[in-house]
Amino acid sequence: MESSFHYLLMANQARFQKKFFSLLADTPLTQGQPKVLDYLREHDGAAQKEIAAACQIEPASLTSILNGMEQKGLIQRRMQNGDRRSFHIFMTPEGRRLSEIIRERFLWLEERTLRGISLQERQQFLATFEKIFENLNHEEGSL
């Protein structure tokens, strides 16, 4: 196995996502929908552009994801204050139920993924990973 940063990052993300979606096989969720519901769990009523930015999803892709979620009865789009230019997204009771399942399964998989790693090592890893995220966000404007 190659041990370069980019390879390990891509390989770990692909494996984590594959394992996570296998844990969601008993749900109607498809690509992109779990992270939107996970975000809405703490930000119910968020504007579409907020969701796109927070979930790292292109606005056009998010529209497609939200259409599927709306058809499944997981979310509702509503105008706020009569503003027809932007919709806010609210979870339905079914969306909220699935968001709790997502949370539980994310936590279970995270614990399994980080087993054998001490609390101190986890904290240091997350701090470093946040710095990497900040660096990539900073570089976005200059690429």
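Basis of the calculations
Residues numbered from 1 in each chain as written. Predicted model: local features only at pLDDT ≥ 70, side-chain atom pairs only at ≥ 80, totals over all residues. Heavy atoms only, no water. Helix = DSSP H or I, 4+ residues; strand = E, 2+ residues; numbered from the N terminus. Buried < 20%, exposed > 50% of the residue type's maximum accessible area, 1.4 Å probe, protein only. Core = buried A, V, L, I, M, F, W, Y, C linked by side-chain atoms within 4.5 Å. Contact = heavy atoms within 4.5 Å. Axes fitted to C-alpha atoms, helices over the stretch in contact; angles between N-to-C directions. Parallel < 35°, antiparallel > 145°, perpendicular 65-115°, else oblique. Phe/Tyr/Trp six-rings, centres within 6.5 Å; stacked < 30°, edge-to-face > 60°. Lys NZ or Arg CZ within 6 Å of the ring centre and 35° of its normal. Salt bridge = Lys/Arg side-chain N within 4 Å of Asp/Glu carboxyl O.

1. Quick look at the overall build of the chain
Part 1 of the argument: A tally of regular secondary structure across the chain gives 6 helices and 3 strands.
Part 2 of the argument: Listing every helix and strand of the chain by position from the N terminus yields α-α-β-α-α-β-β-α-α.
Part 3 of the argument: Expressed along its principal axes, the backbone C-alpha trace of the chain runs to roughly 50 × 40 × 25 Å.
Part 4 of the argument: For the chain, buried positions account for 29% of its 143 residues.

2. Looking at the nonpolar core
Part 1 of the argument: Ranked by internal contacts, the top residues of the largest apolar core, which has 25 residues, are Val36, Leu37, Leu40, Ile51, Met69 and Ile75.
Part 2 of the argument: Among the elements of the structure, helix H2 (33-43), helix H3 (48-55), helix H4 (59-71), strand E3 (87-91) and helix H5 (93-113) are those that each provide at least two residues to this core.
Part 3 of the argument: Per-element accounting of this core gives the leading share, 5 residues, to H5.
Part 4 of the argument: Every residue in contact with Met69, bar those within four places of it in the chain, is listed here: Gln33, Val36, Leu37, Leu74 and Ile75.

3. Regarding the packing of H3 against H4
Part 1 of the argument: Their axes nearest at 10 Å, the elements H3 and H4 cross at an angle of 110°. By the angle class used here, H3 and H4 are roughly perpendicular. Contacts between H3 and H4 involve Gln48, Ile51 and Ala52 from the first element and Pro59, Leu62, Thr63 and Leu66 from the second.

4. Remarks on the packing of H2 against H5
Part 1 of the argument: Two elements in contact, H2 and H5, have axes whose closest approach is 9 Å; the angle formed by their N-to-C orientations is 100°. Judged by the angle between their axes, H2 and H5 are roughly perpendicular. Every residue of H5 that contacts H2 at Pro34, Leu37, Asp38 and Arg41 is listed here: Gly95, Arg96, Leu98, Ser99, Glu100, Ile102, Arg103 and Phe106.

5. With respect to the packing of aromatic side chains
Part 1 of the argument: Inspection of every chain in the model, using the stated rule, returns 4 aromatic pairs.
Part 2 of the argument: Consider the rings of Phe16 and Phe106, whose centres lie 6.4 Å apart with planes at 10°: the pair is stacked. Here Phe16 is found in helix H1 (residues 5-23), whereas its partner Phe106 is found in helix H5, with 90 residues between them in sequence.
Part 3 of the argument: Seen in terms of ring centroids, Phe20 and Phe21 are 6.3 Å apart; in terms of plane orientation they differ by 75°. Their pairing is edge-to-face.
Part 4 of the argument: One aromatic cluster is present, built from ring pairs that chain together Phe16, Phe20, Phe21 and Phe106.
Part 5 of the argument: Cation over ring: Arg78 sits above Phe90, and NZ or CZ is 4.1 Å from the ring centre.

6. Focus on the pattern of salt bridges
Part 1 of the argument: What the rule picks out here adds up to 7 salt bridges.
Part 2 of the argument: In this structure, Asp38 and Arg41 form a salt bridge, with 3.2 Å as the shortest nitrogen-oxygen distance. Of the two residues, Asp38 and Arg41 are both situated in helix H2; the distance of 3 residues between them amounts to about one turn of the helix.
Part 3 of the argument: On the basis of relative accessibility, which here comes to 25%, the residue Asp38 falls in the partly exposed class.
Part 4 of the argument: Its salt-bridge partner being Arg97, residue Glu94 comes within 2.8 Å of it at the nearest N-O pair. In this pair, Glu94 and Arg97 are both assigned in helix H5, 3 residues apart and thus about one turn of the helix distant.
Part 5 of the argument: The class for Glu94 is partly exposed, based on a relative accessible area of 30%.
Part 6 of the argument: Using a relative accessible area of 44% as the deciding quantity, one classes Arg97 as partly exposed.
Part 7 of the argument: Here the salt bridges share partners, and the residues they tie into one network are Asp38, Arg41 and Glu42.

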